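What follows is each chain in one-letter form.
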Amino acid sequence: MDKYVIKGGIPLHGEIVVSGAKNAAVALVAATILCDEPCILENVPEISDISICIKILKEMGADVKILGKNTVEFDTTHMTSPVVPYELARSMRASSYFLGTLLGRFHEAYVPLPGGCDLGDRPIDQHLKAFACLGADYAIESGTVHLKTDALIGNQIYFDFITVGATINAIFAAVKTKGLTIIENAAKEPHIVDLANFLNSMGADIRGAGTDVIKIRGIEYLKGITYAIIPDQIEAGTYMVAAAATKGNVLIKNVIPKHLESITAKLRKVGVTVEEFDESIRVSVDGPIMKTSLKTMPHPGFPTDMQPQFSTLLTLAYGTSIVTDDIFDNRFRYVAELRRMGADISVDGTVAVIQGVGKLTGAPVKATDLRAGAALVIAGLAAEGITEIDDIYHIERGYETIDEKLRALGADIKRVYYPESIAMTS
Ligand code: EPU
């Protein structure tokens, strides 16, 4: 039971380096199952979601070697089992990526259903539809998805709505499938482009990633390569908002400014100064934060994964902001925690009305999911007094050494071990 204890009210100053993108890394690590030779990934973030992916690969017979900080070699060539263990799969939504990679490699997969999560119900009907289009049969047996086929054949896949996970799984299943697969209404997130670049560097033929039509001509063999994962757009955005919320001045390095455009535009709209350089971005504030309205959208719109953090900034703004986030059913669970810190937010379904209160005050709070936890860190950094954040394992699923990185910017944040008995009474 570790907590972050933050003494707030200190403007962040200095430089911070962004890690490799979680949502690209979980896809690329799963993709190594399709590679016919050992391959090396660089810029792999040290986060718990990646540790779980690596454990899953090892359980299935892969050799995984840590070659250095953030550099990992994957040799999946001796893998024989297409079965993902339940205990590992259930703790991570991205375990569904093993459906596409195992199907592509073994023509069979057993992957426990990820189940509901902290963001609400997360069905996989579009993933299954894609596999069926390519010729796989599926059944759900005792909570596990079983996919099987004698042969996959290229086909057209039309998604009913934009889904990142199903787009990635369709790419996995199609990359070594005979013939042409066309994915229509594909998601366009930066990590989809990164995945296509990774697979293409190995010899795949994927065109159109980053647009809503992706064409894949199946190939037989993928060669081993060394590849660096893109920087994390959401981690960068989180530090941009943290700099703004504390009225600091921070240079955020190892970013792709193009991936941050929607976040940059909203920060500028509320009065924050954002300067873009080739691979870094500076965020500073010298006036008040103003209200805005915000609606999350698939890329290149404003990402749902930045909504809790940005909403936290808006609690400090002048005026009333309206935030709409309907990508998942339940992305406002953090609001109850922010209210404990003095925020004035009312939520009706997928719309939040945020009345700016100018300042927050420290309180004991609980991270309810990854980005909600990041929002509470920002709130704690900006608040007057002490904030204790519980359930930080959610945050550490996706942010590499967030406490160390923030301390380097002058924040007073400690990761403290609380024995269960104290935690129960505190
Ligand atoms: N959906 C379905 N059926 C499907 C697939 C999706 O109904 O078969 C619904 C989802 O329930 C959701 C919407 O479609 O309401 C969009 O889901 P999507 O498939 O795009 O999301 P995902 O692949 O499950 C990824 C990220 C999330 C991020 C979303 C949206 C990874 C590992 N996860 O999830 O990241 O919020 O895309 O951009 O890439 C996070 O990093 O904190 C996080 C939750």
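This is a predicted model, so every value here is computed, not measured. (Residues numbered from 1 in each chain as written. Predicted model: local features only at pLDDT ≥ 70, side-chain atom pairs only at ≥ 80, totals over all residues. Heavy atoms only, no water.)

(A) Region of interest: the side chain of Thr167. Along the polypeptide, Thr167 turns up in helix H6 (residues 164–174). Thr167 has contacts with Phe159, Ile183, Ala186, Ala187, Ile192 and Ile214, leaving out every residue within four places of it along the chain. (Helix = DSSP H or I, 4+ residues; strand = E, 2+ residues; numbered from the N terminus. Contact = heavy atoms within 4.5 Å.)

(B) Geometry of the site of the ligand. Taken together, 26 residues form the shell around the ligand, and within it Asp125, Gln126, Val164, Asp305 and Ile327 come nearest. Note that an oxygen atom of the ligand is positioned 2.8 Å from one of the backbone N or O atoms of Gln126. Calculation on the ligand without its partners gives an accessible area of 830 Å², and the protein chains cover 89% of this total. Of all the secondary structure elements, the ones that give two or more residues to the shell around the ligand are helix H1 (22–31), helix H5 (125–133), H6 and helix H12 (370–382). Split by residue class, the shell around the ligand holds 11 nonpolar, 7 polar and 8 charged. Composition of the shell around the ligand by domain shows at least three residues from each of domain 1 (2–19 + 231–425) and domain 2 (22–228). (Near = heavy atom within 4 Å. Polar contact = N/O pair within 3.5 Å; in protein donor to acceptor, adjacent residues only side chain to side chain. Areas by Shrake-Rupley, 256 points an atom, 1.4 Å probe, with all protein chains shown as cover. Nonpolar A, V, L, I, M, F, W, Y, C, P; charged D, E, K, R; others polar. Domains from an automatic or database assignment.)

(C) Focus on helix H9 (residues 261–269). When H9 is considered as a whole, its buried residues turn out to be Ser262, Ile263, Thr264, Lys266 and Leu267. Structurally, H9 contributes buried residues whose contacts are with helix H8 (233–245), strand S15 (273–276), strand S16 (280–284), strand S17 (293–295) and helix H10 (307–314). Immediately beyond the C-terminal end of H9, within one or two residues, lies Gly271, with a positive phi of roughly 100 degrees. (Buried < 20%, exposed > 50% of the residue type's maximum accessible area, 1.4 Å probe, protein only.)

(D) The arrangement of the domain arrangement of the protein in detail. One can read the domain layout of the protein as domain 1 (2–19 + 231–425) and domain 2 (22–228). Using only C-alpha atoms to locate each centre, domain 1 and domain 2 end up separated by 30 Å. Taken together, the contact pairs 26 residues of domain 1 with 20 residues of domain 2. In this assembly, domain 1 packs against domain 2 so that about 1800 Å² is buried in total across both faces, 49% of it on carbon and sulfur atoms. The three residues of domain 1 that bury the most area against domain 2 are His299, Arg397 and Glu400, which together make up 34% of that side's buried surface. Inspection of the domain 1/domain 2 interface yields 1 salt bridge. (Buried area = accessible area lost by both parts, 1.4 Å probe. Salt bridge = Lys/Arg side-chain N within 4 Å of Asp/Glu carboxyl O.)

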